[in-house]
Amino acid sequence: MFNERITAWMELAEQRIEGKFKEVERIIDQNQWKVIRAFQKHKVSDYHFAGSTGYGYNDRGREVLDLVYADVFGAEAALVRPHFVSGTHTISTALFGVLRPGDELLMITGRPYDTLHKVIGHPQDGKGSLQDWGIIYNEVALLEDGSPDYETIGSSITTRTKVIGIQRSRGYSWRSSFNVSQIEEMTRFVKELKSDVIVFVDNCYGEFTELQEPTEVGVDLMAGSLIKNPGGGLAATGGYIVGKHKYVELASFRLTAPGIGGEVGAMLDTTRGIYQGLFLAPHLVGQAVKGSIFAAAVFEQLGFVTHPHWNDKRTDLIQAIKFTSAEHLIAFVQGIQQASAIDAHVVPEPWAMPGYEHPVIMAAGTFIQGGSLELSADAPIREPYIAYMQGGLTYSHCKLGVLTALSSMMEQGLLK
Ligand SMILES: *Cc1c(COP(=O)(O)O)cnc(C)c1O
């Protein structure tokens, strides 16, 4: 399939990471069992998959789905719906659900993910953003070494601080992600200072990469996307919110209307995919994590800088690779696209995406539009030329994507 040099790099990398793969498999097994046990506890049956139309009253499949999610995430309640259009919408719903004018949202893990900037907005921006509604927003930057700045967090919490925001995943920035035990530490710290504060976690890309989830270690409210990890590649759309009962209920009033909440909402034909996707998610997340470990190992062998390193502890899917030129970056992203089953015939090109300062190139040959549990890669064309790769429904596909990218770099004379 690939030339001798590339095959040799692949074999070398796979030997090195064998032990790491064993660790990933142990996590898969435990999370798989956790999910199966939750299905069993709630006696999930064929009739739960039927879906509903109209108001969707008494949709037992939807009600049990919430119970299953709550158990898997160690939470009191859950709201799992195809009506969430994206991760951003889900996070926004959770925040608007619990915050009121005059309350403060304090983000303690630095600047949040790009798409949330407009949710936070500006005072009087006329867009209905959090700040437009009179919610106060502040954030505490991370320290130079990427860790939370506890001193500043401590001095920033006041009587009006209602929600503490934590983003688990690095997103598309060259910082470390926060694993569940670090999130536990942050939660304990802020609650010691203010016991009634609501700790909210943006859990996107984190689900099932570790044995526990943030809601199992004291986090009050959490949200994520179904076209990322927990949708298992099968959920066609949607998001989930889990956490304390009263906060999830407030979020449900925001999603639909006060007094209606989660009691209505036709699932149409989405229910089976959401259940089966959750069943598959621990395994598929493991495949994607293996793919990221492989990519890190191969590119490190070739002298590129990666974040995280192949043998670092992981808490999300994202693998950042720092290339030495724009040509490498473009060859990498195009190579990932060429190895897709879907849309391999299109060649991604850098384009000026609205809201971004520099041209961005993206590879996404996916079954679910924009689904990023599927193999995908993004890169802004600017120094220091970092590509962010994530997902892969099978480890083989991740590996083939990386090797195709290497081939295309080699053909262009970009590898020594
Ligand atoms: C993907 C992501 C989001 C937003 O999800 P969308 O579906 O793109 O709106 C928010 N936060 C993090 C950390 C993410 O990875």
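Thresholds, definitions, all that
Residues take numbers from 1 onward in each chain, read along the sequence in its written order. Given that this is a predicted model, residues contribute local features only at a pLDDT of at least 70 and side-chain atom pairs are listed and counted only at 80 or more, while totals for whole chains, interfaces and linings are drawn from all residues. The side-chain values count all of the structure's non-hydrogen atoms but skip hydrogen atoms and water molecules. Helix and strand assignments follow DSSP, with helices taken as H or I runs no shorter than four residues and strands as E runs no shorter than two, numbered in order from the N terminus. Computation of the radius of gyration draws on C-alpha atoms, with the globule rule given as 2.2 Å multiplied by the number of residues to the power 0.38. Relative accessibility decides the category of a residue: with a 1.4 Å probe and only protein chains considered, values under 20% of the type maximum give buried, values over 50% give exposed, and everything between is partly exposed. By the convention used here, residues are in contact when the closest approach between their heavy atoms is within 4.5 Å. Under this rule, positive means Lys or Arg and negative means Asp or Glu; His and the chain ends count for nothing. Every charge is mapped onto a representative atom, which is NZ of Lys, CZ of Arg, CG of Asp or CD of Glu. Strands pair, by our definition, only if DSSP identifies at least two bridges between them. For helices, the fitted axis covers only the stretch in contact; all axes are lines through C-alpha atoms, and the angles between them, taken along N-to-C directions, range from 0 to 180 degrees. Residue types Ala, Val, Leu, Ile, Met, Phe, Trp, Tyr and Cys, when buried and joined through side-chain atoms within 4.5 Å, form a set referred to as a nonpolar core. Polar contact criterion, stated in full: a pair of N or O atoms within 3.5 Å, where within protein one must be able to donate a hydrogen and the other to accept it, and residues adjacent in sequence count only if both atoms are side-chain atoms. Every helix has an expected span of 1.5 Å times one less than the residues it contains. Start and end points for every domain follow an automatic or database-based domain assignment. In this description, buried area is defined as the sum, over both parts, of the accessible area (probe of 1.4 Å) that is lost when the two are combined. Definition used for salt bridges: Asp or Glu carboxyl oxygen within 4 Å of a side-chain nitrogen of Lys or Arg.

With an unreviewed UniProt entry as reference, the protein is termed Methionine gamma-lyase family protein, source organism Paenibacillus baimaensis.

When its secondary structure is counted, the protein shows eleven helices and twelve strands. For 416 residues, the compact-globule estimate of 2.2 N^0.38 gives 22 Å, and the C-alpha radius of gyration of the protein, at 21 Å, lies within 12% of that figure. Taken along the three principal axes of its C-alpha coordinates, the protein extends 65 × 50 × 40 Å. The buried share of the protein, taken over its 416 residues, is 57%. Put simply, 70% of the contacts in the protein that link residues at least 6 apart link residues at least 24 apart. Averaging the positions of the 36 positive and the 47 negative side-chain charges in the protein gives two centres separated by 3 Å.

Across the sheet, which stays open at both edges, the five strands sit in the order β8-β9-β12-β11-β10 with antiparallel pairing between neighbours. Strand pairing shows two members of the sheet lacking a second neighbour, β8 (305–307) and β10 (360–364), which therefore form its edges. Put simply, the sheet's adjacent strands are angled 15 degrees from each other on average, direction ignored. Pairing of strand β9 (residues 319–322) with strand β12 (residues 386–390) involves four bridges; the strand directions are antiparallel. Bridge pairing in β12 links Ala320 to Tyr388. Where helix α9 (residues 271–301) meets the sheet, it contacts β8, β9 and β12, and its direction lies at approximately 15 degrees from that of β9.

Attention now goes to the nonpolar core. Across soluble globular proteins, you tend to see nonpolar side chains buried next to one another. Counting residues in hydrophobic clusters, the biggest one holds 93 residues, and the most contacted among them are Tyr69, Ile164, Phe294, Phe299, Phe323 and Phe332. The leading source of residues in this core is α9, at 15 residues. Apart from the residues lying within four places of it in its own chain, the contact partners of Ile164 are Leu106, Ile108, Ile157, Val190, Val197, Ile198, Val199 and Phe200. Ranked by size, the runner-up nonpolar core spans 28 residues in total, among them Phe96, Tyr137, Tyr247 and Leu255.

Okay, the side chain of Thr306 next. Among the structural elements, Thr306 can be located in strand β8. Here the side chain of Thr306 touches Glu300 through a polar contact of 2.5 Å, side chain to side chain. Here Pro308 takes part through its backbone oxygen, which lies 3.3 Å from a polar atom of the side chain of Thr306. When near neighbours in sequence (up to four residues on either side) are disregarded, Thr306 contacts Trp174, Ala296, Phe299, Glu300, Gln319, Ala320 and Ile321.

Taking 1.5 Å per residue, 24 residues should reach 34 Å; helix α2 (residues 18–41) reaches 35 Å between its end C-alpha atoms and fits that length. Along α2, the residues that are buried comprise Lys20, Phe21, Val24, Ile28, Asn31, Gln32, Lys34, Val35, Ala38 and Phe39. After α2 finishes, the residue Lys43 shows a positive phi value of roughly 50 degrees.

This paragraph deals with the domain arrangement of the protein. Once the domains are mapped, the protein shows domain 1 (4–31 + 279–411) and domain 2 (53–267). Taken over C-alpha atoms, the centre of domain 1 sits 27 Å from the centre of domain 2. Counting the surface lost from both domain 1 and domain 2, the interface buries some 2600 Å², and carbon and sulfur atoms represent 64% of this. Three residues stand out in domain 1 for area buried against domain 2, namely His307, Thr315 and Ile368, and they jointly supply 23% of the buried area on that side.

Read from one edge to the other, the open sheet built from seven strands follows the order β1-β7-β6-β5-β4-β2-β3, with strand pairing classed as mixed. At either end of the open sheet lies a strand with only one pairing partner, and these are β1 (77–81) and β3 (136–139). In this sheet, adjacent strand axes meet at a mean angle of 15 degrees when their direction is disregarded. With four bridges joining them, strand β2 (residues 104–107) and β3 adopt parallel strand pairing. Across the sheet, residue Leu106 finds its bridge partner in β3, namely Asn138. In the packing of helix α3 (residues 60–72) onto the sheet, contacts are made with β1 and β7 (239–243), and the angle to β1 comes to roughly 125 degrees.

Before going further, it helps to spend a moment on helix α10 (residues 326–338). End to end, α10 covers 18 Å across 13 residues, agreeing with the expected 18 Å (1.5 Å per residue, within 8%). A large share of α10 lies buried, amounting to ten of its 13 residues. Those residues of α10 lying buried are Ala326, His328, Leu329, Ala331, Phe332, Val333, Gln334, Gly335, Ile336 and Gln337. For α10, the secondary structure elements touched by its buried residues are α9, β9, β10, β11 (376–380), β12 and α11 (395–411). Its side-chain oxygen placed 3.3 Å from the backbone nitrogen of Glu327, Ser325 serves as the N-cap of α10.

Glancing now at the side chain of Thr366. Take Thr366: it is sitting in the loop between β10 and β11. Overall, the relative accessible area of 11% leaves Thr366 in the buried class. A polar contact is formed between the side chain of Thr366 and the backbone oxygen of Ile368, at a distance of 2.8 Å.

Time to look at the pattern of salt bridges. Taken as a whole, this structure holds 16 salt bridges when the rule is applied. Arg168 is the partner of Glu213 in a salt bridge, and the nearest nitrogen-oxygen pair spans 3.1 Å. Here Glu213, found in the loop between β5 (198–202) and β6 (221–225), pairs with Arg168, found in the loop between β4 (161–167) and α7 (180–193); they are 45 residues apart in sequence, far enough to count as distant. The exposure class assigned to Arg168 is buried, which follows from its relative accessible area of 0%.

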